[in-house]
2 protein chains.
Amino acid sequence: MAESRFFLILKEGIGQIMVQGFVQNFVPYFALRGFPLILLCGLLISKPTGAPQPARNLIPVPSSVQAGKGSLRVDSSFSVALAGYTEPRLELGVERFLQQLASQTSIPLNLKPAQSGRATLVIRTDHASREIQEVGEDESYSLEVIAAGAKLTAPTPLGTLHGLQTFLQLVDVSSDGFAAPEVTIQDRPRFPWRGLMIDSARHFTPLDVIRRNLDGMEALKMDVFHWHLSDNQGFRVESKRFPKLQERGSDGLYYTQDEVRDVIAYAHDRGIRVVPEFDMPGHSTSWFVGYPELASAPGPYETERRWGVFDPAMDPTKEGTYKFLDQFIGEMATLFPDQFFHVGGDEVNGKQWDANKEIQEFMRAHGIPNNRTLQAYFNKRLQAIVEKHGKSMIGWDEILDPTLPKDITIQSWRGQASLAAAAREGYRGILSNGYYLDLGWPASRHYAMDPLSGGAANLSPEEQKRILGGESCMWAEYVDAENIDSRIWPRNAAIAERLWSPADIRDPASMYTRLDFIATRLEWLGLTHRTSYWRMLHRIAGVTTPEEFAALDTLTQQLEPVKDYTRERTAPAEPTSLTPMNRVVDAVPLESAAARRFAELVDQFIGTSCLDADARARLRAQFTAWRDNDPRLQPLAERSFLVREVAERSQDLSALGTMGLAALDAIAKRQPAPVSWKTQQLAAIEQLKKQKAQLLLLPVPAVEKLVEAAAGGTCMAVK
Amino acid sequence: MAESRFFLILKEGIGQIMVQGFVQNFVPYFALRGFPLILLCGLLISKPTGAPQPARNLIPVPSSVQAGKGSLRVDSSFSVALAGYTEPRLELGVERFLQQLASQTSIPLNLKPAQSGRATLVIRTDHASREIQEVGEDESYSLEVIAAGAKLTAPTPLGTLHGLQTFLQLVDVSSDGFAAPEVTIQDRPRFPWRGLMIDSARHFTPLDVIRRNLDGMEALKMDVFHWHLSDNQGFRVESKRFPKLQERGSDGLYYTQDEVRDVIAYAHDRGIRVVPEFDMPGHSTSWFVGYPELASAPGPYETERRWGVFDPAMDPTKEGTYKFLDQFIGEMATLFPDQFFHVGGDEVNGKQWDANKEIQEFMRAHGIPNNRTLQAYFNKRLQAIVEKHGKSMIGWDEILDPTLPKDITIQSWRGQASLAAAAREGYRGILSNGYYLDLGWPASRHYAMDPLSGGAANLSPEEQKRILGGESCMWAEYVDAENIDSRIWPRNAAIAERLWSPADIRDPASMYTRLDFIATRLEWLGLTHRTSYWRMLHRIAGVTTPEEFAALDTLTQQLEPVKDYTRERTAPAEPTSLTPMNRVVDAVPLESAAARRFAELVDQFIGTSCLDADARARLRAQFTAWRDNDPRLQPLAERSFLVREVAERSQDLSALGTMGLAALDAIAKRQPAPVSWKTQQLAAIEQLKKQKAQLLLLPVPAVEKLVEAAAGGTCMAVK
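Each value, and the rule that gives it
Residues numbered from 1 in each chain as written. Chains lettered and ligands numbered in written order. Predicted model: local features only at pLDDT ≥ 70, side-chain atom pairs only at ≥ 80, totals over all residues. Heavy atoms only, no water. Helix = DSSP H or I, 4+ residues; strand = E, 2+ residues; numbered from the N terminus. Rg over C-alpha atoms; globule rule 2.2 N^0.38 Å. Buried < 20%, exposed > 50% of the residue type's maximum accessible area, 1.4 Å probe, protein only. Contact = heavy atoms within 4.5 Å. Areas by Shrake-Rupley, 256 points an atom, 1.4 Å probe, with all protein chains shown as cover. Lys, Arg positive; Asp, Glu negative; His and termini not counted. Charge placed at Lys NZ, Arg CZ, Asp CG, Glu CD. Least-squares fit on C-alpha atoms with pLDDT ≥ 70 in both. Disulfide = S-S within 2.5 Å. Buried area = accessible area lost by both parts, 1.4 Å probe. Salt bridge = Lys/Arg side-chain N within 4 Å of Asp/Glu carboxyl O. Polar contact = N/O pair within 3.5 Å; in protein donor to acceptor, adjacent residues only side chain to side chain. Nonpolar A, V, L, I, M, F, W, Y, C, P; charged D, E, K, R; others polar. Pairing = 2+ DSSP bridges. Phe/Tyr/Trp six-rings, centres within 6.5 Å; stacked < 30°, edge-to-face > 60°. Axes fitted to C-alpha atoms, helices over the stretch in contact; angles between N-to-C directions. Parallel < 35°, antiparallel > 145°, perpendicular 65-115°, else oblique. Left-handed = near helix turned anticlockwise from the far one by under 90°. Expected span 1.5 Å × (residues − 1).

Asks: Even after reading the chapter, I still don't get the overall build of chain A, so can you show me in this structure?
Replies: Secondary structure summary: chain A contains 32 helices and 19 strands in total. Rg of the C-alpha trace for chain A: 28 Å, near the compact-globule value of 27 Å for 719 residues, within the 12% margin. Overall, chain A is about 80 × 80 × 50 Å in size when its C-alpha atoms are taken along their principal axes. Out of the 719 residues belonging to chain A, those deemed buried represent 60%. Long-range pairs, those at least 24 residues apart, make up 76% of the contacts in chain A with a sequence separation of at least 6. Of the roughly 25,800 Å² of accessible surface on chain A, a fraction of 54% belongs to carbon and sulfur atoms. The averaged location of the 89 negative side-chain charges in chain A is 4 Å from the averaged location of its 79 positive side-chain charges.

Asks: Hey, could you run me through the relation of the copies chain A and chain B in this one?
Replies: In this structure, two copies of a chain are linked by a rotation about an axis accompanied by a shift along it. After a rotation of 180° and a shift along the axis of 0.0 Å, chain A superposes on chain B with an RMSD of 0.0 Å. Put plainly, the chains are arranged around a two-fold axis. Identified as the residue of chain A closest to the rotation axis by C-alpha distance is Thr531(A), at 3.7 Å. When the interface residues of chain A are mapped onto chain B, 100% of them again lie at the interface, so the same face is used by both copies.

Asks: I keep staring at the state of the cysteines and nothing clicks. Help me out?
Replies: By definition, a disulfide links the sulfur atoms of two cysteines through a covalent bond. All names here are of chain A. Counted according to the given criterion, the structure contains 2 disulfides over all chains. Shown here is the disulfide that connects Cys610 with Cys715, its sulfur atoms set 1.8 Å apart. Handedness here is read from the sign of the S-S torsion; for Cys610 and Cys715, about 65°, the answer is right-handed. Here the residue Cys610 occupies a position in the loop between α25 (593-607) and α26 (613-627), and Cys715 occupies one in helix α32 (residues 714-717), the gap between them amounting to 105 residues. Residue Cys610 is classed as buried on the basis of its relative accessible area of 0%. Judged by its relative accessible area of 1%, Cys715 falls in the buried class.

Asks: Hey, could you run me through the interface of chain A and chain B in this one?
Replies: For an interface, size is often stated in terms of accessible area lost upon the parts coming together. Taken together, the 47 residues of chain A in the interface contact 47 residues of chain B. Counting each side, the surface lost to burial between chain A and chain B is near 3,500 Å², with a carbon and sulfur contribution of 56%. Taken together, chain A and chain B are joined by 2 salt bridges. Across the pair Arg618(B) and Glu547(A) runs a salt bridge whose closest N-O atoms are separated by 3.2 Å. Inspection of the chain A/chain B interface yields 22 residue pairs in polar contact (both at pLDDT 80 or more). Residue contributions to the side of chain A that touches chain B peak at 6 residues, all from helix α21 (residues 531-541) of chain A. Per-class residue counts for the side of chain A that touches chain B are 16 nonpolar, 17 polar and 14 charged.

Asks: Got a minute to help me understand the pairing of strand β6 (residues 149-154) of chain B in this structure?
Replies: Look at any regular strand and the pattern is simple: side chains alternate between the two faces of the sheet. Residue and element names in this part refer to chain B. Extensive coverage of β6 is indicated by the burial of 6 of its 6 residues. Here β6 shows two buried faces, one formed by Gly149, Lys151 and Thr153 and the other by Ala150, Leu152 and Ala154. Two elements, strand β4 (residues 121-125) and β6, share 5 bridges in a ladder whose sense is parallel. Within β6, the position partnered with Leu121 by the bridge is Ala150. As paired elements, strand β5 (residues 141-146) and β6 share 5 bridges and run antiparallel to each other. If you follow Leu143 over to β6, its bridge partner there is Leu152. Linking two consecutive strands that pair antiparallel, namely β5 and β6, is a turn of 2 residues.

Asks: Sorry if this is basic, but what is going on with the packing of aromatic side chains here?
Replies: Aromatic rings in a pair are described by how distant their centres are and how their planes are angled relative to each other. Scanning all chains against the criterion turns up 62 aromatic pairs over all chains. An angle of 25° between the planes, with centres 3.8 Å apart, marks the rings of Phe242(A) and Phe324(A) as stacked. A residue pair is termed long-range when its members are at least 10 positions apart, and Phe242(A) in the loop between β11 (234-235) and α8 (244-249) and Phe324(A) in helix α11 (residues 319-335) qualify at 82 residues. With 5.3 Å between their ring centres and 85° between their planes, Phe235(B) and Trp287(B) make a pair best called edge-to-face. Within this pair, whereas Phe235(B) is found in strand β11 (residues 234-235), its partner Trp287(B) is found in helix α10 (residues 285-290), the two being separated by 52 residues in sequence. Phe235(B) gets classed as buried once you look at its relative accessible area, which sits at 0%. One aromatic cluster in this structure is built from Phe235(A), Phe242(A), Phe278(A), Trp287(A), Tyr291(A), Phe324(A), Phe328(A), Phe336(A) and Phe341(A).

Asks: Is there a simple way to think about the packing of helix α19 (residues 491-500) of chain A against helix α20 (residues 508-524) of chain A in this case?
Replies: When two helices pack together, their arrangement is given by the angle between their axes and by how far apart the axes lie. Residue and element names in this part refer to chain A. Orientation of α19 relative to α20, taken along the N-to-C sense of each, is 120°, at an axis distance of 9 Å. With respect to α20, the axis of α19 lies oblique. Crossing of α19 against α20: the hand is right-handed. Here α19 contributes Ala493, Ala494 and Glu497 to the contact with α20, which in turn contributes Met511, Arg514, Leu515 and Ile518.

Asks: Sorry if this is basic, but what is going on with the packing of α25(A) against α26(A) here?
Replies: Residues and elements named next belong to chain A. Two elements in contact, α25 and α26, have axes separated by 9 Å at closest approach and are oriented at 135°. Judged on the interaxial angle alone, α26 and α25 are oblique. The interaxial crossing formed by α25 with α26 has left-handed handedness. Counting all contacts with α25, which are made through Phe598, Leu601, Val602, Gln604 and Phe605, the residues of α26 involved are Ala615, Arg616, Arg618, Leu619, Gln622, Phe623 and Trp626. A per-class count over the contact of α25 with α26 returns 8 nonpolar, 2 polar and 2 charged.

Asks: How should I be thinking about α20(A) in this particular structure?
Replies: Every α-helix winds through 3.6 residues per turn, so residues three or four apart in the chain are directed the same way. Residue and element names in this part refer to chain A. Taking 1.5 Å of rise per residue, 17 residues should cover 24 Å, and α20 covers 24 Å from first to last C-alpha, within 8% of that figure. Of all 17 residues making up α20, 13 are buried, and the element is well covered by its neighbours. Taken from the residues just after α20, Gly526 is the one with a positive phi, measuring 115°.

Asks: I keep staring at the side chain of Gln681(A) and nothing clicks. Help me out?
Replies: Residue and element names in this part refer to chain A. Tracing the backbone shows Gln681 in helix α30 (residues 675-689). On the basis of relative accessibility, which here comes to 12%, the residue Gln681 falls in the buried class. Residues in contact with Gln681, not counting those within four places in the same chain, are Met659 and Val707.

Asks: Before we go on, may I ask you to explain the pattern of salt bridges in this structure?
Replies: If the charged atoms of two oppositely charged side chains come close together, the side chains can form a pair. One pass over the structure, following the stated rule, counts 92 salt bridges over all chains. Here Arg96(A) ties to Glu218(A) by a salt bridge, and the two come within 2.9 Å at their closest N and O atoms. On the criterion of sequence distance, the pair formed by Arg96(A) in helix α5 (residues 88-105) and Glu218(A) in helix α7 (residues 207-219) is long-range, its members being 122 residues apart. Using a relative accessible area of 17% as the deciding quantity, one classes Arg96(A) as buried. Across the salt bridge formed by Lys678(B) and Glu708(B), the nearest N and O atoms sit 3.2 Å from each other. Residue Lys678(B) is located in helix α30 (residues 675-688), and its partner Glu708(B) is located in helix α31 (residues 700-710); the two are separated by 30 residues in the primary sequence. Residue Lys678(B) is classed as partly exposed on the basis of its relative accessible area, which comes to 26%. One salt-bridge network, in which partners are shared between bridges, spans Arg96(A), Asp215(A), Glu218(A) and Arg270(A).

Right, dumping it as C-alpha cells:
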C-alpha cells in the first residue's frame, strides 16, 4: 500500500495521523477534513447534479455508504494494480473489469495491470478463499473513492470481485467526463446463499445464455447458480457411465462434461458456486427413456412434452435403483465440485407406487405406512449415497423428515413457515417461495419477501442462522433462449438486493429507480431482456410501417402475461415443449415499466386532489393516444395472426382511453359524476380486468381509481 | 425431382404437359392455370394484404418475379431436401437456413435434411462451383413457391445459397401463420463482383464483427469481402516469415493465420470470396515499425495514430524491398486462396522519394521522370511478384499505367470516368467511388450511382464487360466494434441491390421500404446497427429518467454526422485512433430514418397544396414536440458532458419547431406571410443549416420549404 499513488497523495494532505484510519477505512479521513457526510442507506434518492450520485446507481445497496463531494475522473489513464494476495482469478477479474469499464465508457484502456504506485485503483486482497468455494466465506469488501484515486480492500477474492462490480456501478457520465463519485463503502452480504435457479430441463438453455446470466449474477453479487438439469422433459448432462440418460432423454440437447466444466470455471471466476440438481424420485421421466428399470412401472417411456406433475417415479424398493444412483452420483460428484448436491424430491404423486404390487408388499414388510414415509426411506438411502461421495444433500421441502440427519438443507418452495419449521428442527434452509420468476409477479412483490419475515420472524438467532438465504427460480415451461433473459431480468435484481442488502433497505420506489439503472447496464453485459422484446415484436408485426409498429408497441407496453399458474389454465391449446413461443404473451415483459409509471402518475394526480395540471395534461395525452390507437393497429391485425390475437385487447385499451377521458372531464367540472355512470364504468372495468389472449391490461386498476375519483371523494371536495 | 411432393402435386394438377416448363421455370404453370400474373419488377409496392407480398420483402430485387395468389405455410413440419449435386457447404447451408428460419419464426424445426419425397423445400443443385470461388461463376437460381411446396434449382451451390436467402426474405407472418407467398423467381446478378471493403487497419475489427458482417453480406447476396489489412495505423495479419510486422505494427491487435483461415472458411460457406489488401508503397508506416529498411527515409518509425495522408513510403529503388515483398506475398498468397491480391497503391505523396538522394539518383539513372512513373515502375515489379505467386493484382486508381499488363484490375475511388478510361484501355475494374460508406451519404445517393452510368455510359459492350461490379468501402477512422454496423447497415443494402438487380430497378421509395424491412432482419442475424444506437445513447445520458431519455432521443433522431470529409475539418481536437468514440456524432445513424420520413411528410403536405388535414396535424404535433423538447433535455445537458455538447442543437430544434408552427399558422390563414418574416426566417434557417458539434440538423431544408410555402406559392393560391 505504501507504494500507491493514492496513499502518497493522502499522506501529503493529512500526514501521519491518518495512516491507521486509512488502513481500516476512510471514514476518519473524510470526517477530519470536515467533508459533509451523508448517510445514504440507499433510500435517499437525491436529484441528480453534476457529479454522479452513488445512491442512484448501487444495487444491491451496500451495508454502509458515505458519499463525498467530489469525484474520481475515469479517463484513458485509468489503471488498476493488484497488491497483496493475488491469483489468476483476480488477474482475470481485473482484466474483465477493465474491459467492461472500457466498454461502458468507450474509452480505450490499457488492460494490463499497473504498478501499484501508479494505479488509479489499488486493490489489496488479504488471502485466498477456499479452493472450492463454500457457503459463508467472507465476501466483504471496502471501497474508498476520492478524487485522487480509489482503493479496494477485501479479505478474500470473493470480496474483491464484489467490490469491482460496485466500482463499475459507480462510474457514470458526469458534467466533466466519466467519473466515480467520492464515496466510502463498507459492504458485506446479509445472507451467504444468494442464488438463481435456471431450469434447463423443460427448455434447453444454450451455453451462451447460461454465461450471460452468470455475468448478470456477478453484477448483482449473487453467488449460487442452481442448475436444474433433469426433469420429465429432458436429461441435460452427459453421463459417461450411463450414456442412455442423455442419448435417449435429451433430444440431443445436453451439456457435455467439458461444457459443464467450462460453465463451472466461468462461474468460479465470478465468485459463483454451481449446485447441480437431478430431480428424483419424481420429475424423472427422461431418465426412464434410457433406463426404464429405474421406474416404478414398466416402460417403455418417452420424454415428456407436456407440463405438469406426472406419475413416473423411481422405484425406491429396488436395490438396483440405489446401485445405479451410487454410480451416477459418484460420477456427478466428481464433475460438480460444489459441496452441495441437489436431489430435487418435489411433487411425487405416488400413483406408480400405489399401483405397484411389489412396492406395496415392500411397504407392508418394512412397516412403511404411506408414500410420504416411503419417500423419506428413499431420501435416507439417497442421503447416505450423497454423503458417501463427499457431498451435502439439498432438496425441496418434501425431503424434510425428522428421521433424516441434520446435514441436509431444505429449499422451500412452500413458504417461510415451512422453512422456519425446518430451522426449528435444526435443518438449514433457503427460501424460494416468493422468488419464482416465472409467476410474473412485480419486482416489488418479490422484494417484499424476506427469508426472515413472516413465518420465520420469530426464530431464535440460532435458528435464523440456519436460514442461509434464498434463490430465485426460473422454471422454463414458457421460456426459451430468446425470452428467458426478459423473464429473469431486471426483476431478479430486486431479489438479489433482498438477499444481499440490510433488512431495512426496502423502499420499492428506490428499488425501482435502481432497477431501471441496472436494466440498462445488464443489456450492456450482453443480456437481452430489452432487445428481445423488440426483436419479437418485429416478428409479430412482420413487414409494417413505423406508424403501425408504434401502435402495436403502444398496446403491448400496457400488457402483461397472466400471473401465477393461470397460463396453463387459459391456454388455447395444451402447450408443450414444442409449442412456438412467438406470441405477444411470450414477448411482453412480465412487469410493464410503462404501466407502473402510468399507475404512479394517476396516484400523483389524485394525491394532489386532481389539481396537478401537468399530471392532468399527461394523463389526457395518454388516454387520447390509447383511444386513437386501435384504428391504427387494426390493419396490422388483419395481416398478422399474432397481432390479431391481441386485437380485442387493443379495443379494450381504446375503451380504457375513452373512459379515462370521461373521468378527467368529470373531474375538471368538479361535480361528481352520476351514480349510474359510475356503476356502468365499474361494470365495464370488471370486464376489462379479465385476461384475453392470456394477457392482462395493466392500467385498468389505475383508471378505476380515476373513475372513483370522478364520482366523488377528495377531488370533488375542491372547487 | 420426380420424388418430390411438390412435383407430385404439380403433376396431379396439370399433367405431363407441364413437366418441361416446370424443369425450366414455373411461368407456364401459372399461366395455364389462369393465375393473375403480376409483374412486380420490384417497383410496385402494393398495400399489404393477408398474404405476404414478395415485393416488400425482396432486396436485392430479383431479375424476374412473378407473384401468385396463395402462400406456402411454414410450420413445424417444414423440411428441406437436397437433391442433385451436394457437398458439405450445401448441407451446412441448409442447416443454417433452417436455424435461421426457426429463429425468424420461433417455430422449432428439425434441422436434419429430409428425404426429397417429403420435403417442403426441395433443392436441386446441378454441379459444383470452382473449389476456389472465381469471379463470374454462375450464381443464378430459380425459386418456385406454391401452396404445396417450394423448389429451388441452381447450376451451382452459389446460386443455391442465394436462393435460400431469397426464401428467408419471403417468409413472413401472415393472417394465417407464417408463410411464403406463391411466387416464381428467376434470378442472377447483374455484376459478378459485389463487394464490401472493411478497413481493419485504422481501427481493429474483432472477429465477431467480421463474422456478423459476412452474415449480412450473405443476406444481401454480396460475394466479395475486401479486407483492408494494413495501413499507416496498423498491420493486422500474422506473418510467420516477418513476425515484426504484427508484433511491432499492431498494438497486439492482429489476426492470427488460423483466424484468417477461419474467416475465409466462414466466407466461403456463404459464397463470399475474401480479397486481402496490403496497401503499398504508401499507407505503410506500420510495416516500417518492425522493418524500417523498407522505407524511403531512415527510421525509427512508430505506428501512426492520426488520420490523413502521410509521407512514409516503401523504397522502390532497393532490391531488398522486392526480396521482402516476394517472400511476404508468397506467404500471404498461400494464406489467402483468392485469385486476386490487392496491393493498394493509393495516395503516395512522394515526399520521402523527393527527399532521398539515392532514389533521385536511381530515377535519373533509369530515366524515370517523376514519382508517378516511379510508382508505375514499383507496380510493374510488384505485379511480377504477385503473378509469380499465382495471383492477379488489383489496386486503387493510381496503379493504372499503360505500361502495366492488362491482367491488373483497377478499383476506382476517383469515379466512373476513371474506371471507364481503364476499361477503354483494356483493364478490368470495379467501382468504389460513390460507395464510400464513411462519407455519410443517404442510401438513395449511393443507390443512384451505377457502375455503368456517368462516364461509363458510353462504353462499348466489350468494354462494359470489363467493369466487374463495385465495392462499398467502410473506412475506419470513425468506427469501432460498437458503431461499425450502424455505419455499414442498412445503407450497404442499397449498394448491394445496385450491384445485383437489373439496372432499371432504381426507385428510391421502393428501395427505402425494403431497406426498412432488411434493417430489421439484419438485426435478427446479429448485426447491431440499431441496438448500438440505444446502447450508446444510454451511455451518453447516464442515469436518467425515461422522460429525459426520450427528450434526448427526440433530438438525436433528427441529427446526422457531418458529411464527406468535414469531420476532420470540424474536429474540436485532432482525432486519433485512441480518441473515444462515445459522442452523439458517433452514436447517431449516418442517415436518419425519422428525418427522411419527416421530409416526406412535408412534401406530401405541400403536394396537396397544404390541404391534407392529417399531414397538417402530424406536422403540428411534430413541431410542438420539438419546440417543447429543449427544456426537458437541459437538465440532462447539465449532468452529462456528452449531452451538453448537443445542447445548442437542442435549442436549434426548438427554434425549428417554433418556426414550423409559425409557417403552419400562416398557411392556415391562406394569406402569404410578410416578406420581412420570410427574410428573417430564411436567415435563421441558414444559421441552422450549419454544423454544430459536428452534427447536422436534418429537418432544416424541409422546414425551409414550409416557410417558402407560407410566404407564397401553391398553398396560398387555395382559399
